[in-house]
Amino acid sequence: MLKLIGDKKKNVAVFISGTGSNFLNLIKHSFKRNSKYKIELVVSSSPRAKGLNHAKKYKIKKKIINYNNLKSSEKKILFELKKNKIKLICLAGFMKILSKNFIKRYNGKIINIHPSLLPKYKGLDTHQRAINNKEKFSGCTVHYVNSKLDSGKIILQKKVKIFKYDSGYKLSKRILKQEHILYPKSLKKVLINL
Ligand code: GAR
């Protein structure tokens, strides 16, 4: 009986705004035999996010938030999180900034994937900025979310080489491949302590 309780999968919510390839990848990993989580909910900041198709295919509950008003939008999200007993929030290409209040409510339970080797290249257009600065490497980072943009404690990182005649597009594709390895690994690490 005790073992059964310990083996229970933790409910995870994924927040998206666009394509949702990380979302799909996390769904697929959640079906693996040793997975310790179940994706119970997806929150999208756009009704047009392509990633919502994955929710439909895999029958995952979805909540679309219009974000006209931050306070009431977050209130709706908090309600869904509570209702679905969410233990961990994974931001995956979610392009909205969460309020300090929201982060406080889920302190230590929100993680994000960012396409650079943080603390370098916080924010947007990371790939082109790394190329323009003639960096030899870029990569991706999974980190806890705190109230400062892309600044929370780092969980895992993966380096990706930048080639001489790289383009932002090509680099982003190579980094995305690594994101799909790094995010499930990070989840495993984080869930042990939840
Ligand atoms: C990913 O590259 C992710 O790291 C990035 O958006 C992309 C989403 O792709 N996130 C950020 O830039 C957050 N600052 P996906 O929708 O295919 O998962």
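Note that the coordinates shown come from a computational prediction; the quantities given were computed from them, not determined experimentally.

Parameters at a glance
Residues numbered from 1 in each chain as written. Predicted model: local features only at pLDDT ≥ 70, side-chain atom pairs only at ≥ 80, totals over all residues. Heavy atoms only, no water. Helix = DSSP H or I, 4+ residues; strand = E, 2+ residues; numbered from the N terminus. Rg over C-alpha atoms; globule rule 2.2 N^0.38 Å. Contact = heavy atoms within 4.5 Å. Areas by Shrake-Rupley, 256 points an atom, 1.4 Å probe, with all protein chains shown as cover. Lys, Arg positive; Asp, Glu negative; His and termini not counted. Charge placed at Lys NZ, Arg CZ, Asp CG, Glu CD. 1 Å grid on protein atoms, 1.4 Å probe; cavity = no way out; pocket = protein on both sides within 12 Å on 5 of 7 lines; lining within 4 Å. Points joined across faces, edges and corners; volume = space filled by probe spheres on them. Nonpolar A, V, L, I, M, F, W, Y, C, P; charged D, E, K, R; others polar. Core = buried A, V, L, I, M, F, W, Y, C linked by side-chain atoms within 4.5 Å. Buried < 20%, exposed > 50% of the residue type's maximum accessible area, 1.4 Å probe, protein only. Near = heavy atom within 4 Å. Polar contact = N/O pair within 3.5 Å; in protein donor to acceptor, adjacent residues only side chain to side chain. Sits in = over half its atoms within 2 Å of the grid points.

Got a minute to help me understand the overall build of the protein chain in this structure?
Helices and strands together make up the secondary structure of the protein chain, namely seven helices and seven strands. The order of helices and strands in the protein chain, counted from the N terminus, is α-β-α-β-α-β-α-β-α-β-α-β-β-α. In terms of overall size, the protein chain behaves like a compact globule, its C-alpha atoms giving a radius of gyration of 17 Å where 194 residues would be expected to give roughly 16 Å. Dimensions of the protein chain, computed from the C-alpha atoms along their principal axes, are close to 55 × 40 × 30 Å. Residue pairs at least 24 apart in sequence account for 63% of intrachain contacts in the protein chain once pairs closer than 6 positions are excluded. Total accessible area on the protein chain is roughly 11,700 Å²; 56% of this is exposed by carbon and sulfur atoms. Each charge sign in the protein chain was given a centre, from 47 positive and 9 negative side chains, and these centres are 4 Å apart.

When you look at the layout of surface pockets in this model, what are you seeing that I'm missing?
Rolled over the atoms, a probe sized like a water molecule indicates the empty space that remains. By volume, the largest pocket amounts to about 960 Å³. What lines the largest pocket is a set of 39 residues, and nearest its centre among them are G93, F94, M95, I113 and P115. When contributions to the lining of the largest pocket are tallied by element, the ones reaching two or more residues are α2 (21-30), β5 (110-114), α6 (126-132), β6 (137-144) and α7 (168-192). The leading source of residues in the lining of the largest pocket is α7, at four residues. Taken together, the residues of the lining of the largest pocket break down into 15 nonpolar, 18 polar and six charged. When its volume is computed, the second largest pocket comes out at roughly 240 Å³. Together, 13 residues line the second largest pocket, and H29, N34, S35, P184 and K188 are the ones closest to its centre.

Is there a simple way to think about the nonpolar core in this case?
Generally speaking, a soluble globular protein has its nonpolar side chains buried in company with each other. One finds V14, F23, C90, I111, Y183 and L187 to be the most contacted residues of the largest nonpolar core, which totals 33 residues. Broken down by element, this core gets its largest block of residues, seven residues, from α7. Setting aside chain neighbours within four positions, we find F23 in contact with V14, I16, I39, V42, G51, H54, A55, I60 and A92. One finds L41, V43, L98 and V145 within the second-largest nonpolar core, a separate group that totals 19 residues.

Can you walk me through the site of the ligand in this structure?
In the vicinity of the ligand, the residues found are T19, G20, S21, N22, G93, M95, I113, H114, P115, L176 and E179. Between H114 and the ligand, the recorded distance is 3.3 Å, taken from a side-chain N or O atom to a nitrogen atom. More than half of the atoms of the ligand fall within 2 Å of the grid points belonging to the largest pocket. Taken together, the elements giving at least two residues each to the shell around the ligand come down to α2, β5 and α7. Looking at the shell around the ligand, its residues break down into four nonpolar, six polar and one charged.

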